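So the chains spell out like this:
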Amino acid sequence: MRLRFHCQNRIGILRDIVAHFADYGLNVAHGEVGGDHGNAIYLHVPNLLNAQFTTLRPELEKVPGVFGVRRVSLLPSERRHLELDALLSSLSDPVMSIDMEGHLVAANRAAGQLLGVRVDEVPGLSLDRYLPDLDLPGLIRRNNARVNGLRLELHDATYLADIEPLHREHLEDVASLAGAVVTLHRADRIGERIYQVQRQASPGFESLFQASPRLEVLMREARRMAPLDAPLLIQGETGTGKELLARACHLAGARGQSPFMALNCAGLPESMAETELFGYAPGAFEGARPEGKLGLLELTAGGTIFLDEVGETSPRMQVKLLRFLQDGGFRRVGSDEETYLDVRIICATQQDLPSLCREGRFREDLYHRLNVLTLSVPPLRDCLDGMETLAEQCIDRAARQIGCALPHLSPAALARLRGYHWPGNVRQLENVLFQAVSLCEGGVIEAEQLRMPDVGQAPGLAGIDLEGSLADILGEVERQVLSRLYPENPSSRQLARRLGVSHTTIANKLKRHGIDGGDSP
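Residues numbered from 1 in each chain as written. Predicted model: local features only at pLDDT ≥ 70, side-chain atom pairs only at ≥ 80, totals over all residues. Heavy atoms only, no water.

Quick notes on the overall build of the chain
Test applied: Helix and strand definitions here come from DSSP, where helices need a minimum of 4 consecutive H or I residues and strands a minimum of 2 consecutive E residues; each element is numbered from the N-terminal end. The contact rule is simple, with two residues in contact once any of their heavy atoms fall within 4.5 Å. Computed with a 1.4 Å probe, the accessible areas rest on the Shrake-Rupley method; for each residue, only the protein chains presented here act as cover. Charge counting treats Lys and Arg as positive and Asp and Glu as negative, with His and both chain ends excluded. Taken as the charge centre is NZ of Lys, CZ of Arg, CG of Asp or CD of Glu, depending on the residue.
The secondary structure content of the chain amounts to 19 helices and 20 strands. Reported as C-alpha extents along the three principal axes, the dimensions of the chain are approximately 105 × 60 × 35 Å. Looking at the chain alone, contacts between residues at least 24 apart form 64% of all its contacts between residues at least 6 apart. Total accessible area computed for the chain in this model is approximately 26800 Å², and 50% of it derives from carbon and sulfur atoms. In the chain, 56 side chains carry a positive charge and 68 a negative one; their mean positions are 3 Å apart.

What to know about empty space enclosed by the protein
In this approach, a probe sized like a water molecule rolls over the atoms, and the result shows the empty space that is left. How we decide: A cavity, in this analysis, means grid points on a 1 Å lattice covering only the protein atoms where a 1.4 Å probe fits yet has no way out; a pocket is instead an open set bounded by protein on both sides within 12 Å along at least five of seven lines, and a residue lines either one if it has an atom within 4 Å of a point. Grid points are joined across faces, edges and corners, and a volume is the space filled by probe spheres set on the points. For this scheme, ten residues count as nonpolar: Ala, Val, Leu, Ile, Met, Phe, Trp, Tyr, Cys and Pro. Four count as charged, namely Asp, Glu, Lys and Arg, and the remainder, Gly too, count as polar.
Taken as a whole, this structure holds 2 cavities of 30 Å³ or more when the rule is applied. Each pocket or cavity is described by its volume, and for the largest cavity that value is around 70 Å³. Forming the boundary of the largest cavity are Met-96, Leu-115, Leu-127, Tyr-130, Leu-131, Leu-136, Leu-152, Leu-154, Val-182 and Leu-184. Among the secondary structure elements, those contributing two or more residues to the lining of the largest cavity are strand S7 (147–154) and strand S9 (177–186). A class-by-class count of the residues in the lining of the largest cavity yields 10 nonpolar, no polar and no charged. The computed volume of the second largest cavity comes to approximately 40 Å³. In terms of lining, the second largest cavity is formed by Cys-265, Leu-268, Pro-269, Glu-270, Ala-273, Glu-312, Thr-313, Ser-314 and Met-317.

Remarks on the nonpolar core
Applicable threshold: We call a set of buried residues a nonpolar core when its members are Ala, Val, Leu, Ile, Met, Phe, Trp, Tyr or Cys and they connect through side-chain atoms within 4.5 Å of each other. Accessible area is worked out with a 1.4 Å probe on protein chains only. A residue is then buried under 20% of its type maximum, exposed over 50%, and partly exposed in between.
Judged by nonpolar contacts, the single largest core of 48 residues is most densely connected at Leu-245, Leu-417 and Trp-422. If you list the elements that add at least two residues to this core, you get helix H7 (213–225), strand S10 (232–235), helix H8 (242–252), strand S17 (344–349), strand S18 (373–376), helix H14 (387–402), helix H15 (411–419) and helix H16 (425–439). Not counting residues up to four positions away in its chain, the partners in contact with Trp-422 are Leu-380, Arg-381, Leu-384, Met-387, Leu-417, Gln-428, Leu-429, Val-432 and Met-452.

Comments concerning H8
Among the residues of H8, Lys-242, Leu-245, Ala-246, Ala-248, Cys-249 and His-250 are the ones counted as buried. In this structure, the buried side of H8 is in contact with H7, S10, strand S11 (260–264), strand S14 (304–308), S17 and S18.

As for the pattern of salt bridges
Here is the rule: Each salt bridge in this description consists of a side-chain nitrogen of Lys or Arg and a carboxyl oxygen of Asp or Glu lying within 4 Å of one another.
In total, this model carries 28 salt bridges according to the counting rule given. With a closest N to O distance of 3.1 Å, Lys-320 and Glu-274 form a salt bridge. Linking Lys-320 in helix H11 (residues 315–327) with Glu-274 in helix H9 (residues 270–278), this pair joins segments that are 46 residues apart in sequence. The exposure class of Lys-320 is buried, given its relative accessible area of 16%.

A short note on a nonpolar patch on the surface
Inclusion rule: A patch consists of residues exposed above 30% relative accessible area that lack any salt bridge, with like charges linked at up to 9 Å and nonpolar side chains (Val, Leu, Ile, Met, Phe, Trp, Tyr) linked at up to 5 Å.
On the surface, Leu-84, Leu-87, Leu-88 and Leu-91 cluster together into a nonpolar patch covering about 330 Å² of accessible area. You can see Leu-84 is positioned in helix H3 (residues 76–90).

Quick word on the environment of Ile-17
Relative to the elements of secondary structure, Ile-17 occurs in helix H1 (residues 13–23). Considered as a pair, Ile-17 and Gly-68 are 51 residues apart in the sequence and their alpha carbons are 12 Å apart. Not counting chain neighbours up to four residues away, the residues in contact with Ile-17 comprise Phe-5, Ile-41, Leu-43, Leu-60, Val-63 and Val-66.

Brief notes about the side chain of Lys-320
For clarity, the cut-off: In the analysis that follows, any N or O atom pair within 3.5 Å is treated as a polar contact, provided that within protein one partner can donate a hydrogen and the other can accept it, and provided that, for residues neighboring in sequence, both atoms belong to side chains.
Within the structure, the side chain of Lys-320 is placed 2.9 Å from the backbone oxygen of Arg-331, a separation counted as a polar contact. What Lys-320 contacts, discounting residues up to four positions off in sequence, is Glu-274, Phe-278, Arg-331 and Val-333.

Section: helix H5 (residues 136–143)
Listed in full, the buried residues belonging to H5 are Leu-136, Pro-137, Gly-138, Leu-139 and Ile-140. The inward-facing, buried residues of H5 abut strand S5 (95–99), S7, strand S8 (157–167) and S9. The first or second residue beyond H5 is Asn-144, which carries a positive phi of 50°.

Points about the sheet that holds S11
Short version of the rule: Strand pairing follows a simple DSSP-based rule, namely that at least 2 bridges must link the two strands. Note on definitions: angles span 0 to 180 degrees between N-to-C directions of axes, and those axes are lines fitted to C-alpha atoms, for helices only across the stretch in contact.
Strand order in this open sheet of 5 strands is S11-S14-S17-S10-S18, and the pairing throughout is parallel. Two strands bound the open sheet, and with one partner strand each, they are S11 and S18. Averaged over all pairs of adjacent strands, the angle between their axes in this sheet comes to 20°, without regard to strand direction. The sheet strands contacting H7 are S10, S17 and S18, and the helix crosses S18 at an angle near 155°.

Some thoughts on the sheet that holds S5
With antiparallel pairing, 5 strands are arranged side by side in an open sheet as S6-S5-S9-S8-S7. Strand pairing shows two members of the sheet lacking a second neighbour, strand S6 (104–107) and S7, which therefore form its edges. Strand-to-strand twist of the sheet, defined as the mean angle between neighbouring strand axes without regard to direction, takes the value 30°. Across 5 bridges, the pairing between S5 and S9 is antiparallel. Along S9, the bridge assignment pairs Met-96 with Val-182. Contacting S5, S7, S8 and S9, H5 crosses the sheet at an angle of about 110° to S9.

Dropping the structure here:
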């Protein structure tokens, strides 16, 4: 049992408190002093039972200078350790600490996975086992300063290492060196990281593409729902920006200055998803950390938790999530203590949840709890009227990241973008245009530089607006046919021969649909 004593800061008070436990034959395993003026004492008494505490409490509160005694779930050092561990575990980059003998002292989960060992097996491992050609302690001694971007080869992959030396007693001479903290970044993902930072540089709704009329309607609905403190369900295909929309709604609401945490439920084993979201108590299961683990919900207190692919959650997780939505309470894995938090839930899915409910794979009562507010993000193929503006934005970001002159799309390239079915939606478009910018040499992105795999088939009427008259619908079909075929027949005469009509007819139709401004031979 862990106890907090609110007390006076006087000599001998700890001795007087501990004496009462000694009278009961109880061992105090750990103690800490807290508070701004040392006015709190924390004790860990492992074998103290509830009945004994009830008897002891009045005696403890009679100790001169003790104003009150209560149970606590964690000692201050345990909470700091949990928060630091949660922070390191949330980092996707491998982070490890080494001593001046070249041995590993500690590492986060990503580093353990990279090295092929459990985190608790890291201490004592020799760095030479993984990097035999690198004398890292010698490098630290020679530089005695932070090293950024050191190129390393590990497990047939290239990493850039940031090395921060550690000094004893806040001294900064070579003799005080105690080791270093090493952070590894995959070299082939550095550009992606910068790209993500740039994309998030203007947070909120302003950073979201909304040139298409359908997206304008979506943004108006989202702005109205964002301040409402109720569960929000976002539906849409992969790559449509559901998490970006969730973040924008969070920032626009009253919780905007509080934490925003995200958990992707897809592919996580049931036990891992549960401990990630709800945490676990000290010693909850074999192999668990003795101090327990804080879940994302506790780290998000007062803010917003985003559950991506909520349709993938297990039945057990669905029950616990339903209970939290009902009364804000939950129990850590392996604990019988209730924890109550104020957290807004935003969920996203690309699945048909009502169908899952009918199949018995998703709880109908949970669905109705989540489906208080709903936003449906349209796929890119339904927003092709804004393709040119969106493509220009993607090209601008890619050019700034790469550090090259801003290229522009040729008419044939734009036609190809408009004619593709985009199974990966906006995320796929960004990747395609980033690669095209990196390949572009003459300031113009040509159709052949757009590398888009034929993954899946476009649905029969996908991207066709069925509103309006038959003439309007057929005109849209005609535009899509010409957009699809023009890159393969990049002149009005070639395309006329391909379709068996006159050159003049094709030239007029291309001009009418804005696919090609002239009638090149």
